[in-house]
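In case you want the letters, here they are:
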Amino acid sequence: MGDAPQHLTAGGYLDRYETAAERDPLQGLGLLAGWLRAEWRSLFAELRARRPILRTPAFTLVTRFPDVAEVLQNGDVFTVSGYASRLEPAVGGPVMLTRDGTSLNWREKGLMQVMLPPEDVPRVRALVARTADRALDAAVPRGRIDAVGELFRPVCTTVCAEYFGLSGPDPGTLARWSRAIMTDATANLVDDPAIHAASLAAGRQMMDHLRGELDGRRAEGTAAPGGDVFARLLRTVLPDELAWDDDRITINVAGLLLGFLENGVGSMTHLVRQLLLRPEVLRTAVLAASDRDTAEFDRHVWEALRFDPFLKVIIRVCAREYVLAAGTPRETLVPAGTPVLAAVASAMFDETAVPEPDRFRTDRPPHPGWHFGHGPHACVGVHPGAAVISEAVRRLVLRPGLRLLDPPEGAVVRDRDVFPDRFWLGLGDGEG
Ligand code: HEM
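An account of the accompanying structure is given in this report. (Residues numbered from 1 in each chain as written. Predicted model: local features only at pLDDT ≥ 70, side-chain atom pairs only at ≥ 80, totals over all residues. Heavy atoms only, no water.)

### Let's talk about the packing of helix α1 (residues 13-23) against helix α3 (residues 40-50)
α3 packs onto α1 with a crossing angle of 90° between their chain directions and a minimal axis gap of 9 Å. Classified by the angle their axes make, α1 and α3 are roughly perpendicular. Contacts between α1 and α3 involve Tyr13, Leu14 and Asp15 on the former and, on the latter, Ser42, Leu43, Glu46, Leu47 and Arg50. (Axes fitted to C-alpha atoms, helices over the stretch in contact; angles between N-to-C directions. Helix = DSSP H or I, 4+ residues; strand = E, 2+ residues; numbered from the N terminus. Parallel < 35°, antiparallel > 145°, perpendicular 65-115°, else oblique. Contact = heavy atoms within 4.5 Å.)

### Points about the coordination of the iron atom of the ligand
From the protein, the iron atom of the ligand takes a single donor atom, Cys379 (SG), 2.3 Å away. Inspection of the secondary structure assignment puts Cys379 in the loop between α16 (368-371) and α17 (382-397). (Donors = N, O, S within 2.8 Å, 3.2 Å for Na, K, Ca; no water.)

### Quick notes on unusual backbone geometry
Between Pro407 and the following residue, Pro408, the backbone shows a cis peptide bond with an omega angle of 5°. Looking at where Pro408 falls in the secondary structure, it is placed in the loop between β9 (403-404) and β10 (424-426). Of note, Ala325 is a non-glycine position whose phi angle comes to about 60°, a positive value. When you line up the elements, Ala325 lands in the loop between β6 (322-324) and β7 (332-334). Of note in this structure, Glu356 is not a glycine but carries a positive phi near 45°. As for its position among the elements, Glu356 is in the loop between α15 (344-347) and α16.

So this is what it looks like as structure tokens:
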């Protein structure tokens with residue numbers, strides 16, 4: 001199938017980084033941060049070849065498949081403690097993503113897997129199909145759609161409302177809470193106190209709202225069988241010694257929103273752009289999208305996301321001094337207490353693990369394992385989460401005349417941070 005449009009151009013990153021870092025470490029880090037955003041594929045390609053584990057004064061960047069796997073699988077050494085100071089104050093208590101190897105993580109992860117089973121996928125797909133088709137029907141006469149604001153966000157907030165049971169006062173407020181908290185948790189690299197304060201304020205409002213919702217549901221008697229995930233949690237009775245109470249329920253419902261919304265919207269935006277950049281791939285994707293069995297279409301989706309994953313690195317903190325890739329030429333000492341960036345986006349281009357990584361191939365073994373994390377913190381929402389992404393994109397590509405618009409109007413716009421705000425696409429045969 002068609003080769004990828006490339007942005008593998010510049011090269012010489014390591015030399016430029018080291019020259020700058022020698023003069024001023026901050027300048028070197030600034031360069032790296034810029035390349036990680038805009039030139040990640042060529043930066044990672046060079047690092048995999050020349051410095052697969054790059055130690056900087058601020059973090060260690062890990063780029064080869066086996067080493068990224070070693071970091072993500074080894075939860076005792078590479079911990080998630082970095083998330084705790086941001087997420088826990090926002091939701092008012094521990095959440096599974098901030099707790100390594102604790103019984104809270106073990107229990108609640110197991111319980112939430114039960115609450116989000118693969119059997120829900122047909123129901124979630126049907127909900128997404130209805131919502132997406134409504135949005136697309138409204139947009140077709142205009143010959144264009146803002147895929148972020150008019151399709152992906154409404155689809156995701158509808159899933160939150162109707163499947164999770166979390167509608168918020170209105171979809172816009174729900175999305176604002178999620179955005180404020182996730183910006184602080186994942187994108188506040190410079191520790192901006194205003195971003196943290198905005199997250200705390202959003203978290204307070206969200207948790208107050210959830211407690212009110214929980215009380216209201218209890219007063220009415222919990223929802224009937226077959227209801228939303230919130231209702232399932234309210235019907236769950238666990239022994240007292242397992243410390244499962246109303247606070248644990250509201251925090252886990254909040255986790256549904258926080259784990260899902262921005263990841264879902266961001267992933268759909270990135271992968272649709274990759275599909276539309278490749279006319280031959282788009283043609284076979286459209287053919288597969290008409291098939292009742294979605295397996296072949298899903299392979300297009302995950303392969304497209306591989307070419308621009310929304311989450312390029314997963315961050316861990318190295319709890320104790322550790323030799324990574326021990327016994328290989330890549331062997332590197334990672335100091336205790338320092339951040340480690342496990343570059344999943346790079347691992348998925350490592351030719352020792354992914355044959356012909358620069359070609360768009362739909363005959364690969366499944367990739368969601370990497371798009372949805374790996375190891376002890378792998379995503380609990382993978383089944384419904386993957387279904388939402390695939391079905392929303394499927395409904396979109398089935399619309400005739402779907403195409404990228406020329407920049408600047410067709411660019412993915414991010415107003416403030418890493419999360420997409422607008423992505424205008426042409427539809428139908430009009431000028432768009
Ligand atoms: C139903 C929707 C979703 C829910 C409820 C959800 C929830 C979660 C939760 C609670 C975790 C932490 C698990 C743990 O610590 O053990 C997690 C991890 C993760 N999720 Fe999801 N998620 C959803 C959808 C998605 C989507 C759409 C993506 C991106 C394509 C995604 C990517 C990830 C990744 C990469 C991790 C690993 C994070 C890490 O290791 O630091 N999730 N998810």
